[in-house]
Amino acid sequence: MLWRWPLWSRVRSFSGGHLGHIWLSGRRGPGEQHRMSSSNPVAALCQVTATPDKEANFESCSGLVEQAREGGACMAFLPEGFDFIGSSREETLRLSETLEGETIGRYAQLARKLGVWLSLGGFHERGHDWESDRRIYNSHVIINDQGCIASVYRKCHLFDVELPGRGVSLKESAFTIPGPRIVPPVQTPLGKVGLGVCYDLRFPELSLALVRQGAEILTYPSAFTVATGAAHWEVSRSKSTKSFPVGADG
């Protein structure tokens, strides 16, 4: 629960996914300081089920972002793997792109056209030594309302798990490069946003470091399985950091 800064949420269903509107209030209790604008900025959480079809994924995501903007949102949050979810390691690597590729370019154009900020993560970003290494980063990309990349965080904590009884076998480290560092919180119309991705939620040091740098919102775009999601979303770093958690789960 969030006691210091009240949060109201409303979820409405749309064709192609779910869109959550979250109002962050500037109200405060006695003796507490304002941490959010009293103008009640609106954040939209866009939930989609991605496939290897990148064009279909973009159509679903862009449609939700457009509806978010029509609903008054100043920033839309898409889940991990918004660009695609590959059916194999080989397909994932083949479909990956650089930050200068078509996918990020299309979302930059969308942000500029609609005048909305976008949280895109994780994006399958080809590593800097792609030609020799053939590995990727799991990157959380923030695009501002001018269509420019405001920040890129590359996921530090990679997710390897074996749950034989539940049919879950994941080894992200087999083809993903761990990010080298956390990045400073990004000033957005919602407040200062600290960036994580999925499994980063498990590590309080990252959350505390972001809050020490001024983060008011912590965001963890995710693509958990049913089994792994149940084990993680109950872990709320907002309880120990007194910040708002935001996460779109694909």
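See the structure shown above.
Anyway, here's the lowdown on the structure attached to this text.

**Quick notes on the overall build of the chain**
Scanning the chain for helices and strands turns up seven helices and 13 strands. Taking all 250 residues of the chain together, 51% fall into the buried category. Taking the contacts inside the chain whose residues are at least 6 apart along the sequence as the reference set, 67% of them involve residues at least 24 apart. Carbon together with sulfur atoms contributes 50% to the accessible area of the chain, which is approximately 11,800 Å² in total.

**A short note on the environment of Arg126**
Examined against the element boundaries, Arg126 turns out to sit in strand β5 (residues 117–126). In this structure Arg126 comes out as partly exposed when scored by relative accessible area, which is 24%. Separated by 11 residues in sequence, Arg126 and Tyr137 have C-alpha atoms that sit 6.2 Å apart. What Arg126 contacts, discounting residues up to four positions off in sequence, is Leu93, Arg94, Ser96, Glu97, Thr98, Arg135, Ile136 and Tyr137. In this structure the side chain of Arg126 is engaged in a polar contact, spanning 3.3 Å, whose partner is the backbone oxygen of Arg94.

**Considering the side chain of Asn138**
Position of Asn138 among the secondary structure elements: in strand β6 (residues 136–143). A distance of 2.7 Å separates a polar atom in the side chain of Asn138 from a polar atom in the side chain of Glu80. Polar side-chain contacts of Asn138 include one of 2.9 Å to the side chain of Glu172.

**Examining the pairing of β6**
Of all eight residues in β6, eight are buried, a share of seventy percent or more. Burial along β6 is two-sided: the face carrying Ile136, Asn138, His140 and Ile142 and the face carrying Tyr137, Ser139, Val141 and Ile143 are both buried. When β5 meets β6, the two strands line up antiparallel, connected through seven bridges. Paired with His124 across the two strands is Asn138, which belongs to β6. When β6 meets strand β7 (residues 149–154), the two strands line up antiparallel, connected through five bridges. Along β7, the bridge assignment pairs Ile143 with Ile149. Counting the residues between successive antiparallel strands, the hairpin from β6 to β7 contains five residues, one of them, Gly147, with a positive phi of roughly 85°.

**Structural notes on helix α3 (residues 102–114)**
Along its 13 residues, α3 runs 18 Å from first to last C-alpha, staying within 8% of the 18 Å computed at 1.5 Å per residue. Here α3 has its buried residues at Thr103, Ile104, Tyr107, Ala108, Leu110 and Ala111. Seen along its axis, α3 keeps its buried residues to an arc of 160°; they face one direction. Along α3, the residues that are exposed and aim more than 90 degrees away from the buried face are Glu102, Gln109 and Lys113. Elements in contact with the buried residues of α3: α1 (54–70), β4 (75–78), β5, β6 and β7. Phi turns positive, to about 70°, at Gly115, one or two residues after α3.

**Details of the nonpolar core**
The biggest cluster of nonpolar side chains holds 26 residues, and the ones touching the most others in it are Tyr107, Leu118, Leu120, Val141 and Ile143. The set of elements that each furnish at least two residues to this core consists of β3 (42–47), α1, β4, α3, β5 and β6. Grouped together as the second largest cluster of nonpolar side chains are 22 residues, Leu45, Ile142, Val197 and Leu206 included.

**Remarks on the side chain of His140**
With respect to the helices, strands and loops of the structure, His140 is situated in strand β6. We classify His140 as buried; its relative accessible area is 0%. At a separation of 2.9 Å, a polar atom in the side chain of His140 contacts the main-chain carbonyl oxygen of Gly196. Beyond its immediate chain neighbours, meaning those up to four positions away, His140 contacts Ser119, Leu120, Gly121, Ser151, Val152, Tyr153, Leu195, Gly196, Val197, Thr219 and Pro221.

Rules behind the numbers
For every chain, the first residue of the written sequence is number 1, and numbering continues from 1 along that sequence. Local features in this predicted model are restricted to residues of pLDDT 70 or higher, and side-chain atom pairs are both shown and tallied only at a pLDDT of 80 or more, whereas totals for entire chains, interfaces and linings draw on every residue. Only hydrogens and water are set aside when side-chain values are computed; all heavy atoms of the structure are taken into account. A helix here means a DSSP run of H or I that spans at least four residues, while a strand means a run of E at least two residues long, and both kinds are numbered starting from the N terminus. Any residue under 20% of the maximum accessible area for its type is buried, any over 50% is exposed, and the rest in between are partly exposed; the area is computed with a 1.4 Å probe on protein chains only. Pairs of residues are marked as contacts when any of their non-hydrogen atoms sit within 4.5 Å. Residue-level accessible areas treat just the shown protein chains as cover; the underlying method is Shrake-Rupley with a 1.4 Å probe. Two N or O atoms count as a polar contact when they lie within 3.5 Å, although within protein this holds only if one can serve as hydrogen donor and the other as acceptor, and sequence-adjacent residues are included solely when both atoms are side-chain atoms. Being paired, for any two strands, means DSSP has found at least two bridges between them. Helices are assigned an expected span. That span is 1.5 Å times one less than the residue count. Of all possible arcs, the one meant is that of the directions from the helix axis to the C-beta atoms. In these notes, a set of buried Ala, Val, Leu, Ile, Met, Phe, Trp, Tyr and Cys residues joined through side-chain atoms within 4.5 Å is what counts as a nonpolar core.

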